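# Structural characterization, general
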There are 12 protein chains.
Amino acid sequence: MKIAIVNGPNLNLTGKRENDIYGSKSFEDFVSDMKKGFPQVEFLYFQSNVEGELINHLHELDNVKGLKGILLNAGGYTHTSVALGDAVAAIEKPVVEIHMSNVFAREDFRHVSYVGKHTIGCIAGFGMESYLLGILKLMNQA
Amino acid sequence: MKIAIVNGPNLNLTGKRENDIYGSKSFEDFVSDMKKGFPQVEFLYFQSNVEGELINHLHELDNVKGLKGILLNAGGYTHTSVALGDAVAAIEKPVVEIHMSNVFAREDFRHVSYVGKHTIGCIAGFGMESYLLGILKLMNQA
Amino acid sequence: MKIAIVNGPNLNLTGKRENDIYGSKSFEDFVSDMKKGFPQVEFLYFQSNVEGELINHLHELDNVKGLKGILLNAGGYTHTSVALGDAVAAIEKPVVEIHMSNVFAREDFRHVSYVGKHTIGCIAGFGMESYLLGILKLMNQA
Amino acid sequence: MKIAIVNGPNLNLTGKRENDIYGSKSFEDFVSDMKKGFPQVEFLYFQSNVEGELINHLHELDNVKGLKGILLNAGGYTHTSVALGDAVAAIEKPVVEIHMSNVFAREDFRHVSYVGKHTIGCIAGFGMESYLLGILKLMNQA
Amino acid sequence: MKIAIVNGPNLNLTGKRENDIYGSKSFEDFVSDMKKGFPQVEFLYFQSNVEGELINHLHELDNVKGLKGILLNAGGYTHTSVALGDAVAAIEKPVVEIHMSNVFAREDFRHVSYVGKHTIGCIAGFGMESYLLGILKLMNQA
Amino acid sequence: MKIAIVNGPNLNLTGKRENDIYGSKSFEDFVSDMKKGFPQVEFLYFQSNVEGELINHLHELDNVKGLKGILLNAGGYTHTSVALGDAVAAIEKPVVEIHMSNVFAREDFRHVSYVGKHTIGCIAGFGMESYLLGILKLMNQA
Amino acid sequence: MKIAIVNGPNLNLTGKRENDIYGSKSFEDFVSDMKKGFPQVEFLYFQSNVEGELINHLHELDNVKGLKGILLNAGGYTHTSVALGDAVAAIEKPVVEIHMSNVFAREDFRHVSYVGKHTIGCIAGFGMESYLLGILKLMNQA
Amino acid sequence: MKIAIVNGPNLNLTGKRENDIYGSKSFEDFVSDMKKGFPQVEFLYFQSNVEGELINHLHELDNVKGLKGILLNAGGYTHTSVALGDAVAAIEKPVVEIHMSNVFAREDFRHVSYVGKHTIGCIAGFGMESYLLGILKLMNQA
Amino acid sequence: MKIAIVNGPNLNLTGKRENDIYGSKSFEDFVSDMKKGFPQVEFLYFQSNVEGELINHLHELDNVKGLKGILLNAGGYTHTSVALGDAVAAIEKPVVEIHMSNVFAREDFRHVSYVGKHTIGCIAGFGMESYLLGILKLMNQA
Amino acid sequence: MKIAIVNGPNLNLTGKRENDIYGSKSFEDFVSDMKKGFPQVEFLYFQSNVEGELINHLHELDNVKGLKGILLNAGGYTHTSVALGDAVAAIEKPVVEIHMSNVFAREDFRHVSYVGKHTIGCIAGFGMESYLLGILKLMNQA
Amino acid sequence: MKIAIVNGPNLNLTGKRENDIYGSKSFEDFVSDMKKGFPQVEFLYFQSNVEGELINHLHELDNVKGLKGILLNAGGYTHTSVALGDAVAAIEKPVVEIHMSNVFAREDFRHVSYVGKHTIGCIAGFGMESYLLGILKLMNQA
Amino acid sequence: MKIAIVNGPNLNLTGKRENDIYGSKSFEDFVSDMKKGFPQVEFLYFQSNVEGELINHLHELDNVKGLKGILLNAGGYTHTSVALGDAVAAIEKPVVEIHMSNVFAREDFRHVSYVGKHTIGCIAGFGMESYLLGILKLMNQA
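Described below are features of the structure shown in this document. If you're wondering where the values come from, they're calculated on a predicted model, not measured in any experiment.

### Quick notes on the overall build of chain A
- Scanning chain A from terminus to terminus reveals five helices and five strands.
- Reading the helices (α) and strands (β) of chain A from amino to carboxyl end gives β-α-α-β-α-β-α-β-β-α.
- Over its C-alpha trace chain A gives a radius of gyration of 14 Å, about what one expects of a compact globule, namely 14 Å for 142 residues.
- C-alpha atoms of chain A, sized along the principal axes, occupy 40 × 35 × 25 Å.
- Considering chain A as a whole, with its 142 residues, one finds that 63% of them fall into the buried category.
- For chain A, the accessible surface area stands at approximately 4900 Å², while carbon and sulfur atoms represent 48% of it.

Spelled out as structure tokens, the structure:
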């Protein structure tokens, strides 16, 4: 069983900056922990700051055999990218929208989600635990 | 360890109507399953269609000893109730916003959350699994 | 054959206050008149100022055998209650939206109807005759 | 006693197109039925797709002796015509706003009514029965 | 020297209805007075409730030799008709926007003027005197 | 002479939570102080978190003999409840809108008041002194 | 094979006014050219400045045998006419929205199209070539 | 008989700057011309760039005996000054809103008029002739 | 102990005009009454119609020794003046926002308060009693 | 003669996914067909999901000799990219906006076009035929 | 060579209040420093809290010989004053918009600039250095 | 001492296109001039049309030793990119927002700046001098 994690802009800084918001653990460490914790799952991790590369990657993931679903944290593109929303709509794999911070408690422009119109659901506000809950959800998915 | 589940308007119909949306399992059955699955947790379940009774209940839960947190699915009040949002702000227990449907893929008036301004996070779109993920989150809470 | 009339906030004052707007007949008298005028119909009358009790009552009415439909005057909740609109959507009995005053000739905030998204139609502006026309409609309903 | 029915744009197609929405009976047949059902009433029927002809006709109806009122289904002009609303305001005969479909359950731009600011009330959503209820209302009018 | 007066919807009722707003003099009388008062001017008077006929007439007036300008009271179409605004833009004769009532002291939807984007100016609020002032303006026009 | 104080949602927590905002005195203590300070006044105190119970109570107060007026702090319902505003409009006793915090210095959604459309005035921002000033106002009322 | 061209308000002026925008060729000349260029097609040409006559004409065209489709340039009514949009929705012939100017590069109020909600597509910005491309499209239509 | 002309901000530059918009005649010259042309009228001329001085002056003019009315060109304050609108509302002399340019053909923020809510009418777009027409209106005023 | 009263535009007319709204007592008389009623307080009274003079005066008051606070009725500037709001923010003396009329029951543009973002509270709707209540509040201020 | 086709995000999926919307032919096949059908034209085809690469490519195309114009289907970037609109404005080659679906009949956020402000026109709604019509237009271009 | 600095409301408090925002240096000291640092420049300094005096002063500066340009910090009037924007448009001297704080990082109502529509540019966010950079810009101006 | 200049979309065209707006000097020449003029500064120049590459580059610059700050002209991304704004927020180096044109005098959609919420200030409107002033500012930075 495979699960993909796709991270958007600025998430490469996690664990390196703004630790008060995002904690001090890097994504590399987090993915490593997940691999240990869920040895039965193959994790595919991808991060890019480029909107179009995220679209490219979603297209590619749709062809990956045995992939149960995608955890997508589109960062700032969540709120502005019609194109990324269209990409989620175009692929068949289930996508879960992930946010580390509680976007609904932040600025108004973060309350819009073009991605969310086509995902199966959303988990937001629990830091890296948001991903963990998403993994549990996808493992449970029929 | 105690965990509270608070359900708002129309959620008493779950499992009885609109099964295509909400599935055919009632909340009573779901809570019963949870009790079996997590014997170490005491579940406090409450449902009301009355906005003010939900506020009353949140006030009371804040005084419950050993309560790790509250899963709140405020239903339609999520999007209109300043008073309920104020209640969440006033209490100290951590509150997780829960929705069975993916509200971000529905009508525009469901994209506003007065509750979400004061919760620690949100899980939406996974039917009853939204609650299950919320329980896992609260069990994990330091 | 049964027909239910459900009245929302402040409609208990009808006939007692603001007679220039709502006339001098109380709802009790009106229902009594209806019973005389339509002896073949059993009228179920309910009024509450509490939003959640209106939701409760709609849920209950949906289980009443022989009920042809519901006349719902949700008063001020018409324009603000997503939860009440969801309740109308959840039940199967046909609901007709009723207003005594012509809401479309009043303040802008009365031109929104969350209830109306799920009713079969609307009758507004004819005082108590709005209900009478609604009764005729439901009696005629196949 | 006379009652006028004034129909606006596209209503000449009733019974000929989009039967799933508007039914298969033409207005000519409906008016014929009304004449039989209410022999004591003289029905004045007018339809035009031209906004200004509707205004002209409303002006003329205001001079018709014995006319108890007007049922006006202004179709698409309901939502855009300040001029038609002004015409309703300028005449003295009572006007009832009629819609076959439940406009409040359709697109947002159909929730505005310039006509409704000057009518005595509105009946919407019951197909041709909307007119029948309007006739009953006007027959009842003091 | 010729001056045209073009009146839009409902202005045929002037002097016949709503006298408290528009006075008791009809336009026929007013034009007759103007002819007496300004014998050197040939007045061309036109009224229609049909938006398209107003457009037709503006097109025709543009070909009238010796026409110094047009006084246009587009009534309710002022606020809604892109097409009428386009017609004013398309012709070369100067057009003065006229209103009997002070539209700026009325409802918000009367504060928009598609016509006004292409006229040389506007006179509003002085009843029939608005036209008189417009005549003086056009007589003075180089 | 009687004066009624009606408190809405979450105000039962005053003195118990968020003391930095609302102070450490409870309403019970405050009312007790008022009784001592103004022995010539009979104070009627009511609090509910239920919107409809507040409406019920306003209806009842309107029948209380000798009641000079009502101090209404509708809390979060102030900004969302058309129904509560209608209740204030329906009763005859003068109502003063009260807020402990300066709502005009808080979030935009607190700058709307449906209640304020029908009260005689508003006092906001002075904590419990807002009520004291309201009492002085009502005692002074002719 | 028949193709209909329906032109709305002010398009009768094409070739006569504002030549810098619309060129110096009249529609009569254009249609004549089309007839020569496509002898296998019968062209039905109609222009009116009256919104309702455009609706009437669309209704009639729907009954024309052998008509492959309709090129509709609704001019200023494009942006304001719910009724014309409803007419396009009601007929079965395919309709292509045509504009001579690039409406999307003009004022904001020209970016709305009620017609476009029910057409099969849109061609805008190429002057009379917009019609030519529309003819090619309809000739190609299965 | 007295007539007052009150000019607001930047109108002291008339005839000195932006001559292509406002012409090359100064207000001093214009008033001088008016005095010659209407020897029976005493003209009171005032200009200030200070919003509050315009309010002061309106207050004073209200006490001037024999003053038939006021021509007020409030310049940029027209569109932003609630206080100036309140001043016009507070005085009893009739006020005519004057603009040299056609404000309705300029930027959107010039389509709002706080002054216009309380004037008897508006004349805009005719340069200094706007004032002349206003003088004729006031001389005609009963 | 000193208390300052600062009145903005048009409030110099109180007692002289629009008595039905503002009563027949002038501010001079009111201040005189206050001096008699509260001999222990020195009242500093200032009124100006000029926005900038109000700002100047607030700056000066901030340097007055023994001044307990300022009652500021900014009239129409309340709703439009960012600069006046900034002045209130810049000074250290507590400011209470005062209105004679209930601004929340008037036009929408009076529901905005730039001043209110920086005051300690607001009293509105009680005519001159609004000031009296403000004085009591400031006398009570620690 | 050269013609460029530039496709934006997700259009690489054409013919591979969502065939019901976009048909089953891939762009490679379509371009191949075009080359056969128009041997006198050299087609330059480019697709990218990366907004900035589309901008880069437009810059480069502007230097291509003999290029008659560009067909640009910017996909989801059409509605959000000021930068892409600026690129179209900056180059000299004529650009035609192309869409396969009728964007004007889809969600509101697809009715905005930053690209369209600087193109010569738009063709939308005809699937791959939209490109064919664009090619015919550019071949015809003087 | 002369350079003018014009400061609007509340800027007279610089160095005296809110030092954490604006620093502890007064404008008098700053201008004195500038005179020493740039002996070849004659500095004209003006500050007023009165909107109209700022307009007056801009008018006067336009007549000053040898004046290279104006640094205008209009404070709170920046965001609300159409009249001040008109004044900047009316004069010929180049004007640079100056702000000490970064207005674009503050409240939404500070993101509007009526002044900025007519200036040659803007420098914001650098405290008194904003002025220094403006001086360098104007000294460099051809 | 190092200073970085980061240019966004379309700025690679500077000096090559639209010279009337941006001048005829290329950025390469400008940077070369800067190096000569400020030999004590090491300039780091970067340009990309790809939003994500700009984000990548900002991340990298944050690790450059001796870098005093960054001049960021984000071009069209300024107004639409939440992600780029987040990148500026995430890094510690001071960023100055730069624009060659006066964005505040252009279209409304250019008055929004996501970047500006996190910069220390903004310089706009002076062509390449905007950068020069930014360099002076950063050299002056403590």
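### Brief notes about the arrangement of the chains
- At the level of C-alpha atoms, the two units chain B and chain D stay apart, their nearest approach being 12 Å.
- Regarding chain D and chain F, the two do not touch, and the least distance separating their C-alpha atoms is 19 Å.

### Topic: the relation of the copies chain A and chain J
- Rotating chain A by 120° about the axis while translating it 0.0 Å along that axis superimposes it on chain J, leaving an RMSD of 0.0 Å. Such values leave the two copies arranged in the relation of a three-fold axis.
- A share of only 17% of the interface residues of chain A reappears at the interface of chain J, consistent with the copies meeting through non-equivalent patches.

### Comments concerning the sheet that holds strand 5 (residues 121-124) of chain H
- Spatially, ten strands are ordered 2(E)-1(E)-3(E)-4(E)-5(E)-5(H)-4(H)-3(H)-1(H)-2(H) in an open sheet, and the strand pairing comes out mixed. Of all strands in the sheet, those bounded by a partner on one side alone are strand 2 (42-47) of chain E together with strand 2 (42-47) of chain H. Looking at each pair of strands side by side, their axes are set apart by 20° on average, direction ignored.
- Sheet topology note: the strand 1 (residues 2-7) of chain E/strand 2 of chain E ladder contains six bridges and is parallel. By the bridge assignment for strand 2 of chain E, Val6 of chain E is matched with Phe46 of chain E.
- Relative to the sheet, helix 3 (residues 51-61) of chain E contacts strand 1, strand 2 and strand 3 (67-73) of chain E, its axis offset from that of strand 1 of chain E by approximately 170°.

### Considering the pattern of salt bridges
- Counting across every chain of the model gives 48 salt bridges over all chains.
- A salt bridge links Glu129 of chain B to Lys137 of chain A; its shortest N-O distance comes to 2.7 Å. Here the residue Glu129 of chain B occupies a position in helix 5 (residues 129-140), and Lys137 of chain A occupies one in helix 5 (residues 129-140), the pair thus bridging two chains. This pair shows no difference in class: Glu129 of chain B is buried, exactly as Lys137 of chain A is.
- Residues Asp33 of chain G and Lys25 of chain G are paired through a salt bridge, measuring 2.7 Å at the closest nitrogen-oxygen approach.
- When salt bridges with common partners are traced through the structure, they connect Asp86 of chain A together with Glu107 and Arg110 of chain J into a single cluster.

### Let's talk about the interface of chain B and chain A
- At the junction of the two partners, chain B supplies 21 residues and chain A supplies 21 residues.
- Across the interface of chain B and chain A, roughly 1800 Å² is buried in total on both sides, 55% from carbon and sulfur atoms.
- On the chain B side of the interface with chain A, the three residues burying the most area are Phe104, Phe126 and Lys137 of chain B, jointly 29% of the side's total.
- If you look at where chain B meets chain A, you find two salt bridges.
- Of the residues forming the side of chain B that touches chain A, the biggest block, six residues, is contributed by helix 5 of chain B.
- Across three bridges, the pairing between strand 5 (residues 121-124) of chain A and strand 5 (residues 121-124) of chain B is antiparallel. Counterpart to Cys122 of chain A in the pairing with strand 5 of chain B is Ala124 of chain B.

### Some details on the relation of the copies chain B and chain A
- Expressed as a screw operation, the relation of chain B to chain A combines 0.0 Å of axial shift with a rotation of 180°, fitting to an RMSD of 0.0 Å. These values place the two chain copies in the arrangement generated by a two-fold rotation axis. Rotation axis and chain B: the residue whose C-alpha lies nearest the axis is Ile123 of chain B, separated from it by 2.3 Å.
- Mapped onto chain A, 100% of the interface residues of chain B again fall at the interface, so both copies present the same surface.

### As for the packing of aromatic side chains
- According to the stated counting rule, one finds 66 aromatic pairs over all chains in the structure shown.
- Relative to Tyr45 of chain C, the ring of Phe27 of chain C has its centre 5.6 Å away and its plane inclined at 5°; by these criteria the two rings are stacked. Taken together, the positions of Phe27 of chain C in helix 2 (residues 27-37) and Tyr45 of chain C in strand 2 (residues 42-47) put the pair 18 residues apart, joining distant regions of the chain.
- Since its relative accessible area comes to 30%, Tyr45 of chain C is described here as partly exposed.
- Seen from their ring centres, Phe27 of chain J and Phe30 of chain J are 5.8 Å apart, and the 75° between their planes marks the pair as edge-to-face.

### Section: the sheet that holds strand 2 (residues 42-47) of chain B
- Across the sheet, ten strands lie side by side as 2(A)-1(A)-3(A)-4(A)-5(A)-5(B)-4(B)-3(B)-1(B)-2(B); this open sheet has mixed pairing. Only two strands of the sheet have a single partner each, and these edge strands are strand 2 (42-47) of chain A together with strand 2 of chain B. Each strand of the sheet is rotated relative to its neighbour by a mean of 20°, with strand direction disregarded.
- By the bridge criterion, six bridges tie strand 1 (residues 2-7) of chain A to strand 3 (residues 67-73) of chain A in an arrangement that is parallel. What sits directly across from Ala4 of chain A, in strand 3 of chain A, is Ile70 of chain A.
- Strands in contact with helix 2 (residues 27-37) of chain B are strand 1 (2-7) and strand 2 of chain B; relative to strand 2 of chain B, the strand with the most contacts, it is inclined by about 170°.
- Set on the sheet, helix 3 (residues 51-61) of chain B makes contact with strand 1, strand 2 and strand 3 (67-73) of chain B; between it and strand 1 of chain B the angle comes to about 170°.

### So, the pairing of strand 5 of chain B
Residues and elements named next belong to chain B.
- Side-chain alternation along strand 5 places Gly121 and Ile123 on one buried face and Cys122 and Ala124 on a second face that is also buried.
- Note: strand 4 (residues 95-99) against strand 5, four bridges, orientation parallel. Paired with Ile98 across the two strands is Ile123, which belongs to strand 5.

### Topic: the interface of chain A and chain J
- The partner chain J presents 15 residues to the 18 residues of chain A that form the contact.
- Carbon and sulfur atoms make up 54% of the area that chain A and chain J hide from each other, which totals about 1300 Å².
- It is His59, Val82 and Ala90 of chain A that lose the most area in chain A upon contact with chain J, and together they represent 34% of the buried surface on that side.
- Across the chain A-chain J interface, the total number found is one salt bridge.
- Between Arg110 of chain J and Asp86 of chain A there is a salt bridge, and its shortest N-O distance comes to 2.9 Å.
- Our enumeration of links across chain A and chain J arrives at five residue pairs in polar contact (both at pLDDT 80 or more).
- Contributing elements (two or more residues each) for the side of chain A that touches chain J: helix 3 (51-61) and helix 4 (82-90) of chain A.
- Across the side of chain A that touches chain J, the residue classes break down as eight nonpolar, five polar and five charged.

Basis of the calculations
Residues numbered from 1 in each chain as written. Chains lettered and ligands numbered in written order. Predicted model: local features only at pLDDT ≥ 70, side-chain atom pairs only at ≥ 80, totals over all residues. Heavy atoms only, no water. Helix = DSSP H or I, 4+ residues; strand = E, 2+ residues; numbered from the N terminus. Rg over C-alpha atoms; globule rule 2.2 N^0.38 Å. Buried < 20%, exposed > 50% of the residue type's maximum accessible area, 1.4 Å probe, protein only. Areas by Shrake-Rupley, 256 points an atom, 1.4 Å probe, with all protein chains shown as cover. Contact = heavy atoms within 4.5 Å. Least-squares fit on C-alpha atoms with pLDDT ≥ 70 in both. Pairing = 2+ DSSP bridges. Axes fitted to C-alpha atoms, helices over the stretch in contact; angles between N-to-C directions. Salt bridge = Lys/Arg side-chain N within 4 Å of Asp/Glu carboxyl O. Buried area = accessible area lost by both parts, 1.4 Å probe. Phe/Tyr/Trp six-rings, centres within 6.5 Å; stacked < 30°, edge-to-face > 60°. Polar contact = N/O pair within 3.5 Å; in protein donor to acceptor, adjacent residues only side chain to side chain. Nonpolar A, V, L, I, M, F, W, Y, C, P; charged D, E, K, R; others polar.

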